[in-house]
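A look at the structure
Here is what each chain is made of, one letter per residue.
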Amino acid sequence: MIKFENVGLRYGVGPEVLSDIHFTLESGSFHFLSGPSGAGKTSLMRLLYLGIRPTRGQMAMFGQNISEMNRYEMAKIRQKIGVVFQDFRLLPHLSAFDNVALPLRIQGKKEKDICKNVEELLKWVGLGDHMRRLPHTLSGGQQQRIAIARAVVTKPRLLLADEPTGNLDDEIGYKLMILFEQLNKTGTTIVIATHNEQMMDKFRHAKLVLNHGELSVETPRIGKIKKILNEVF
Amino acid sequence: MGLKFPRKKDRSLGVSEKHTYDIPLDKGSGRIFLTALIGLMVFLMLLSVSAAYILNDFAKQWQTGLEGKWTIELPVIDENGEMLLEKDINQTVEKILSALKEFHSVEHVSRLSDKEISDLLSPWFETDNISNENGIILPVPVLISLDMRQTGARTAHDIRMELENIAPNARLDRHESWLEELLRLTGSLRLVAVLVTLVISAAGILAVAGAMQSRMAEHKDSVELLHLMGAEDTYICRQFQRHAFIISSQGAVIGLIICALFIYGLGLFLEGREETILPSFAPNLTFWAAFIAVPFVIVGLSVLSAKWAVLQRLQKML
């Protein structure tokens, strides 16, 4: 479903922040994206949500080569992707309800269906009483839940989340991971960028590990072996 | 009992108002400036269009009023500047009238009365200076008015030849030269009015386009976020177009009201003053249609220029 071949990325005339990235994400897979700070996680996420174009290599999403897409096709591909940004990127003049409803309005859904879906989702993430509040009046955790609700409200084919549980307490964080797993079971491909080792241990999925701009893939079994080896030696 | 609840949802309480824009274009100080600018443009455009229309109407009235009308001027003083005797003048006039009545090309010929001459000259002179109860006291020429069936150069030549025999100092005025100059002047003024209208339209298009691009720069993050959610350029563009529509509609209404009041005030000021020099102007349906169309044109141009400016900028984004 997503294929990167020898993808490289540099900003301006600076050094490459991602080099020869080569991987395939199958439809319905669940991956964590990890690596030390500055390894290029955010850049890789930006490439995945089509926020930037690679400076070299080939990127294909949902069977279409990115470099050959026109603006209309690009918009349609983006509608299949849900993104939870690290800094949430909520629109400050819109209520929690309207922020979550935004992707549905962009897709031209009927207002009646929007109301039903958004209310249901906001209640589910525990913000049923705060639907008409503006983001700046809500806590960081509440804002993060709005950002997550906005990313999943369209039932996207690909969900990208950058540190989605960073500001949440364990219980809410666990609940949201369950939501991601449920989405994954319905066929949504999930990529979660995180530093949270505990969470990666608890929900055992394949890892994309970035180090100095280079990517390696670890299955849960390899990850476990590595962990044992690290503990022994 | 004594409790009061806020009737309107208040932003300070952290409760959102009704959802209108995905991008907060309705907020910001630039909005008032742009509304005022469009109001001013509509006002100026309405004035230009009105001026062009009125000048056109005047030119038509002048043309149709003088169509088939010639005048013969018979001086009342001789070559030495001495006043001619009224009896001689009357005899000459009678001869001219009799001779011209024989012309098939002349439908009607008559001498203008002192009162008619006095009325013609009154815009430039105090009436008392022109005539008294004994008649005209200024040495104004006798005027003979001709209603013509044919107005060709041949007819003019024949009449001049006849006048040469009766009164060599009489002059035939076909009104062509001064009418031509007057029409040229009104034509130039009309052209200026049309050019002013075009310049104002161009300024309006540029002002709205510039304002929309600056609003885009101001809300770059929001626009980018909408793109990342899969919003097509047309979806984003529609928000700016709606913003341009609302602002320009408000400006157009303000400009229309101010211009209507201005024209009404001007009408009151000029009441009774202009009729003697200028033809009267009664706005007809076409004038009002053009007057009402101007604000709609400005609103349409604003929306189109917003669309053009926003799409230009969006094309440069990923």
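Refer to the preceding data block for the structure.
So, here's what we can say about the structure.

Quick word on the overall build of chain B
Along chain B, the regular secondary structure elements total nine helices and six strands. For chain B, the residues scored as buried account for 37% of the 318 residues in total. For chain B, contacts bridging at least 24 residues in sequence account for 81% of all contacts bridging at least 6.

Brief notes about the pattern of salt bridges
Opposite charge on two side chains allows them to pair when their charged atoms are near. Counting across every chain of the model gives 13 salt bridges over all chains. Residue A:Arg56 pairs with A:Asp20 through a salt bridge whose shortest N-O separation is 2.8 Å. Here A:Asp20 lies in strand 2 (residues 16-25) and A:Arg56 lies in strand 4 (residues 56-61), a separation of 36 residues in the sequence. Judged by its relative accessible area of 46%, A:Asp20 is partly exposed. Among the salt bridges present, the one from B:Asp158 reaches B:Arg154, with a minimum N-O distance of 4.0 Å. With B:Asp158 and B:Arg154 both in helix 5 (residues 153-166), this residue pair falls four residues apart, about one helical turn. B:Arg154 gets classed as exposed once you look at its relative accessible area, which sits at 66%.

Quick look at the pairing of strand 9 (residues 206-211) of chain A
Residue and element names in this part refer to chain A. Counting buried positions along strand 9 yields five of six residues, so the element is predominantly enclosed. Sheet topology places strand 3 (residues 30-34) next to strand 9; four bridges connect them, and they run parallel. Bridge pairing in strand 9 links serine 34 to valine 209. Relative to strand 10 (residues 214-218), strand 9 is paired through five bridges, and the arrangement is antiparallel. Looking at the pairing, leucine 208 lines up with valine 217 of strand 10. Adjacent in sequence and paired antiparallel, strand 9 and strand 10 are bridged by two residues, among which histidine 212 carries a positive phi angle near 50 degrees.

Details of the sheet that holds strand 5 (residues 64-65) of chain A
Residues and elements named next belong to chain A. Overall, antiparallel pairing links the four strands, which are arranged 2-1-4-5 in an open sheet. Strand pairing shows two members of the sheet lacking a second neighbour, strand 2 and strand 5, which therefore form its edges. Alignment of strand 1 (residues 2-10) against strand 4, held across five bridges, turns out to be antiparallel. Along strand 4, the bridge assignment pairs lysine 3 with alanine 60.

What counts and how
- Residues numbered from 1 in each chain as written.
- Chains lettered and ligands numbered in written order.
- Predicted model: local features only at pLDDT ≥ 70, side-chain atom pairs only at ≥ 80, totals over all residues.
- Heavy atoms only, no water.
- Helix = DSSP H or I, 4+ residues; strand = E, 2+ residues; numbered from the N terminus.
- Buried < 20%, exposed > 50% of the residue type's maximum accessible area, 1.4 Å probe, protein only.
- Contact = heavy atoms within 4.5 Å.
- Salt bridge = Lys/Arg side-chain N within 4 Å of Asp/Glu carboxyl O.
- Pairing = 2+ DSSP bridges.

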